[in-house]
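Close look at the chain arrangement
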Amino acid sequence: MGKLIKMDFYRLFQSKTFWISAVVMFLLQGITSFSLPVLQKNLLRFASLPAENASEMLDTKLSEIFSSPMMSFFMLIMFISATTFLFADIRDGYVKNFAGQIARKGYSAISKFIVVCVHNAVFMLLALLGNILGVVCCPDSSLIVDSAVGSGIVVFFVKLLLSFAMTSIILFLTTGLRNKTLASVVGVLFSVSALGLLYMALNQLLSMVGIKNFDVSNYAPDQLFNSEFDTAALGAVINAVIVSVVFIAVFVCLTVAIFNKRDVK
């Protein structure tokens with residue numbers, strides 16, 4: 001298992017897609033954080049707000065950056081990179097070289113998931129760093145180190161865990177079902193929050209069969225990722241952690257089970 005993980009880390013760090021996507025993520029997040037206060041300042045001028053009030057509105061709290069390190073749409077870059085990595089050994093036929101030499105083929109799925117979790121952590125940290133540098137470098141905004149930074153860090157790790165949950169679904173589609181196209185489509189849907197319409201339809205369907213006051217989106221990793229968490233309301237944080245763990249356990253186990261039974265081609 002250790003050798004598999006080392007091999008997958010080697011594949012990841014040798015991937016041009018990973019490095020290019022990581023740099024693009026960092027630059028886009030930094031440019032966005034730098035540009036937004038400038039745009040907001042110009043808009044506030046038209047609103048004729050007092051300069052003092054405008055300045056306060058342009059300031060950015062560090063806790064807010066930790067709580068929302070990555071714009072939802074930019075998740076697309078992370079998922080494209082993850083999908084490419086997870087499918088690369090199957091696409092290139094490389095998996096055939098080692099699948100017969102390990103006790104259980106499913107170990108390779110576990111190894112890839114461990115490595116892709118590190119992959120996600122790199123992207124989230126780069127997005128966070130890009131956000132901070134963008135705000136610090138912007139002449140129209142100030143970075144405020146507020147008292148809620150600790151709570152922001154907690155939310156950051158909750159959202160990182162939610163990203164693992166979404167990636168476990170992509171792992172299932174790429175490694176279990178061997179369908180990169182579907183995995184890419186799901187990654188796009190996660191990134192643009194397009195599945196919200198599906199969850200609304202499911203809520204209506206559940207209501208029609210007598211299950212009321214139940215919101216599917218409260219148990220969907222992509223919707224929770226875009227939620228604002230208040231750590232004082234511990235229930236919401238615990239719910240997000242439980243949802244993440246359940247999704248990871250279910251989809252990683254499904255992937256391992258399917259991969260163990262299928263012939264490696």
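Throughout what follows, the structure given in this document is the object of discussion.

Moving on: the pattern of salt bridges. Per the counting criterion, the structure on display carries two salt bridges. Linking Asp8 and Arg11 is a salt bridge whose minimum nitrogen-to-oxygen distance equals 3.0 Å. Taken together, the residues span about one helical turn, with Asp8 and Arg11 both in helix α1 (residues 2-13) at a distance of three residues. Both residues of the pair, Asp8 and Arg11, belong to the buried class. Among the salt bridges present, the one from Asp89 reaches Lys112, with a minimum N-O distance of 3.2 Å. Remark: Lys112 occurs in helix α7 (residues 107-137) and Asp89 occurs in helix α5 (residues 75-91); sequence separation between them is 23 residues.

With that settled, the discussion passes to the packing of aromatic side chains. Taken as a whole and judged by the stated rule, the model has eleven aromatic pairs. Taking the centre distance of 5.8 Å and the plane angle of 20° together, the rings of Phe9 and Phe13 count as stacked. In this pair, Phe9 and Phe13 both sit in helix α1, four residues apart, roughly one turn of the helix. On the basis of relative accessible area, Phe13 is assigned to the partly exposed category, the value being 38%. Relative to Phe190, the ring of Phe79 lies with its centre 6.0 Å away and its plane at 55°, an arrangement referred to as tilted. Residue Phe79 is found in helix α5, and its partner Phe190 is found in helix α9 (residues 180-191); the two are separated by 111 residues along the sequence. Each member of the pair, Phe79 as well as Phe190, is classed as buried. Site record: aromatic cluster; members linked through ring pairs are Phe9, Phe13, Phe18, Trp19 and Phe123. Over the ring of Phe225 we find Lys159; its NZ or CZ atom is 5.7 Å from the centre of that ring.

Parameters and conventions
Note that residues are indexed from 1 along each chain, following the sequence as it is written. Reporting in this predicted model follows two pLDDT cut-offs: at least 70 for local features of residues, and 80 or more for side-chain atom pairs to be given and counted; totals over whole chains, interfaces and linings ignore these cut-offs and use all residues. In computing side-chain values, all of the structure's heavy atoms are included and hydrogens and water are not. Salt bridge, as used here, is a side-chain nitrogen of Lys or Arg placed within 4 Å of a carboxyl oxygen of Asp or Glu. A helix here means a DSSP run of H or I that spans at least four residues, while a strand means a run of E at least two residues long, and both kinds are numbered starting from the N terminus. The rule is simple: take the accessible area with a 1.4 Å probe, protein chains only, and divide by the maximum for that residue type; under 20% is buried, over 50% is exposed, in between is partly exposed. We call Phe, Tyr and Trp rings a pair once their centres come within 6.5 Å, taking the six-membered ring for Trp, and we label the pair stacked below 30 degrees between planes, edge-to-face above 60, and tilted otherwise. Charges are assigned to positions over rings by a cutoff of 6 Å between ring centre and Lys NZ or Arg CZ, combined with an angular limit of 35 degrees from the ring normal.

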